[in-house]
Amino acid sequence: MIEQKKPVVFISGASSGIGNACATFLAKKGCLVYGTSRKPAKVQRKADEFFELIAMDLNDSASIQAAVRLVLEKEGRIDLLLCNAGMGIGGPAEECPLEDIRRQMDTNFLGAVQLIQAVLPAMRQAGSGRILVTSSIGGRIGLPFQAFYSASKFALEGFVEGLRMEIKGFGVQAALIEPGDFRSGFTEARKKTATLPGSPYEASAGIALAKAELDEKNGGYPIDIARLVLALTRKKKLAVRYTVGSLGQRIAAGIKPILPSRLAEYAIMAYYGLSGRNS
Ligand SMILES: NC(=O)c1ccc[n+]([C@@H]2O[C@H](COP(=O)([O-])OP(=O)(O)OC[C@H]3O[C@@H](n4cnc5c(N)ncnc54)[C@H](OP(=O)(O)O)[C@@H]3O)[C@@H](O)[C@H]2O)c1
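Residues numbered from 1 in each chain as written. Predicted model: local features only at pLDDT ≥ 70, side-chain atom pairs only at ≥ 80, totals over all residues.

Student: Could you give an account of the environment of arginine 69, with specific residues and numbers?
Tutor: Structurally, the position occupied by arginine 69 is in helix H2 (residues 61-75). The spacing of arginine 69 and alanine 226 is 157 residues in sequence and 25 Å in space, taken between C-alpha atoms. (Helix = DSSP H or I, 4+ residues; strand = E, 2+ residues; numbered from the N terminus.)

Right, dumping it as structure tokens:
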């Protein structure tokens, strides 16, 4: 009898939220899962999590290399990379400190890029492999007072669109997962810029971010994304992107490209309680 090998799965950001749900679910479904956290020893583990948590910080290139090397040395291959770890900053674009903007892009974009570069040689040599990148509906729609978060996810969207065409001939597939609002540690972890004294953005930033946070707290459950990821491990050919979330959010992402752009912008501003006048 031929022994079926368990698919080896590498999930960045598996200590919490979406990554944690995906890691637990895929492990229960028979995958050999390695998840990452910046501080794996400090993470409170649940009894039903059947995956190993290893150290990796997307802001530390050496730790990205080391984490991928560890899994490749142990298992000889990575069949699926779920490039999921990320964070968000919030605040007026005019006032966000450069240091925070750099952290946003370094974590969500350059960190993900380095991780993908690290796994690609092994996938190419194997002639197979899947890379799923957690983007966001905020990577399709620019979000007010989360402009840099959106920028980091728009960057990922362009990167994956291009990457797909480069790696197709090697049997490696990549796709974007675009969640709407989901309950996770993301809201708590968001780094919010305090508006400057006398800031003209104070009221509007407060209203828009409060709406975003309320939506996240009342959002979907990460298990829905885990189910999607499992389905994508079994799908023969991956599409460019998969939007996951409430019907309203999926419709918003879908109709934005076909709506007149000023109408789309008006709808987004109204949704986030922005009048377009100085308050
Ligand atoms: N929740 C939503 O509504 C939503 C919507 C759209 C997209 N997303 C995206 O989904 C992904 C997962 O977020 P989540 O909602 O599950 O949030 P979460 O609960 O805060 O989880 C974020 C994960 O990323 C890890 N992480 C954060 N900064 C990191 C860094 N510098 N290096 C390595 N790992 C880091 C965290 O691990 P440690 O802290 O243990 O290192 C944690 O496991 C993110 O890319 C986010 O942008 C979330």
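Student: Give a detailed account of the environment of glycine 206, specifying residues and quantitative values.
Tutor: Mapped onto the secondary structure, glycine 206 falls in helix H6 (residues 202-217). Each C-alpha atom, one on glycine 206 and one on glycine 90, is 9.9 Å from the other, the two residues being 116 residues apart in sequence.

Student: Describe in detail helix H3 (residues 98-126), supporting the description with residues and values.
Tutor: Compared with the 42 Å implied by 1.5 Å per residue over 29 residues, the 41 Å span of H3 between its first and last C-alpha is a close match. The principal kink in H3, of about 40 degrees, is found at aspartate 106. For H3, the complete set of buried residues consists of Gln104, Thr107, Asn108, Phe109, Gly111, Ala112, Leu115, Ile116, Ala118, Val119, Leu120 and Met123. Immediately beyond the C-terminal end of H3, within one or two residues, lies glycine 127, with a positive phi of roughly 75 degrees. (Expected span 1.5 Å × (residues − 1). Bend = angle between axes of the 7 residues up to and from the residue. Buried ≥ 20, exposed ≤ 12 C-beta atoms within 10 Å, placed from the backbone.)

Student: Help me get a handle on the site of the ligand, residues and values and all.
Tutor: Taken together, 32 residues are adjacent to the ligand, and Gly13, Gly17, Arg38, Gly86 and Gly185 come closest. Contributions of two or more residues to the shell around the ligand are made by helix H1 (17-28) and helix H5 (186-189). Top element by residues in the shell around the ligand is H1. It accounts for 3 residues. Tallied by class, residues from the shell around the ligand come to 11 nonpolar, 16 polar and 5 charged. (Near = placed C-beta within 6 Å. Nonpolar A, V, L, I, M, F, W, Y, C, P; charged D, E, K, R; others polar.)

Student: Outline the nonpolar core, listing residues and values.
Tutor: Of all hydrophobic cores here, the largest spans 52 residues; its most connected members are Val9, Cys22, Val33, Val119 and Val133. Of all the elements, H3 adds the most residues to this core, at 8 residues. Among all residues touching valine 9, those that are not within four sequence positions of it are Leu26, Cys31, Leu32, Val33, Asp79, Leu80 and Leu82. In this structure, Ile141, Leu143, Tyr149 and Ala252 belong to the second largest nonpolar core, which totals 10 residues. (Core = buried A, V, L, I, M, F, W, Y, C linked by C-beta atoms within 7 Å. Contact = placed C-beta atoms within 7 Å.)

Student: Which residues make up the environment of alanine 226, and what values do they have?
Tutor: In this fold, alanine 226 is placed in helix H7 (residues 223-234). With 22 C-beta atoms counted inside 10 Å, the residue alanine 226 sits in the buried group. In this structure, the C-alpha to C-alpha distance between alanine 226 and leucine 26, residues 200 residues apart in sequence, is 7.4 Å. Discounting residues that sit within four places of it in the chain, alanine 226 has contacts with Ala21, Cys22, Phe25 and Leu26.

Student: Report on the pairing of strand S4 (residues 80-83), specifying residues and quantitative values.
Tutor: On S4, burial covers both faces: Leu80 and Leu82 on one face and Leu81 and Cys83 on the other are all buried. Here strand S1 (residues 8-11) pairs with S4 via 3 bridges, running parallel. Bridge pairing in S4 places valine 9 opposite leucine 80. Judged from the 4 bridges that link them, S4 and strand S6 (residues 129-134) form a sheet pairing that is parallel. Bridging across to S6, leucine 80 finds its partner in arginine 130. (Pairing = 2+ DSSP bridges.)

Student: Outline the packing of H1 against H7, listing residues and values.
Tutor: At a minimum axis distance of 8 Å, the contact between H1 and H7 shows a crossing angle of 50 degrees. Between H1 and H7, the angle falls in the class oblique. The interaxial crossing formed by H1 with H7 has right-handed handedness. Between H1 and H7, the residues in contact are Ile18, Ala21, Cys22, Phe25 and Leu26 and Ile223, Ile225, Ala226, Val229 and Leu230, respectively. Grouping the constituent residues of the contact of H1 with H7 by class yields 10 nonpolar, no polar and no charged. (Axes fitted to C-alpha atoms, helices over the stretch in contact; angles between N-to-C directions. Parallel < 35°, antiparallel > 145°, perpendicular 65-115°, else oblique. Left-handed = near helix turned anticlockwise from the far one by under 90°.)

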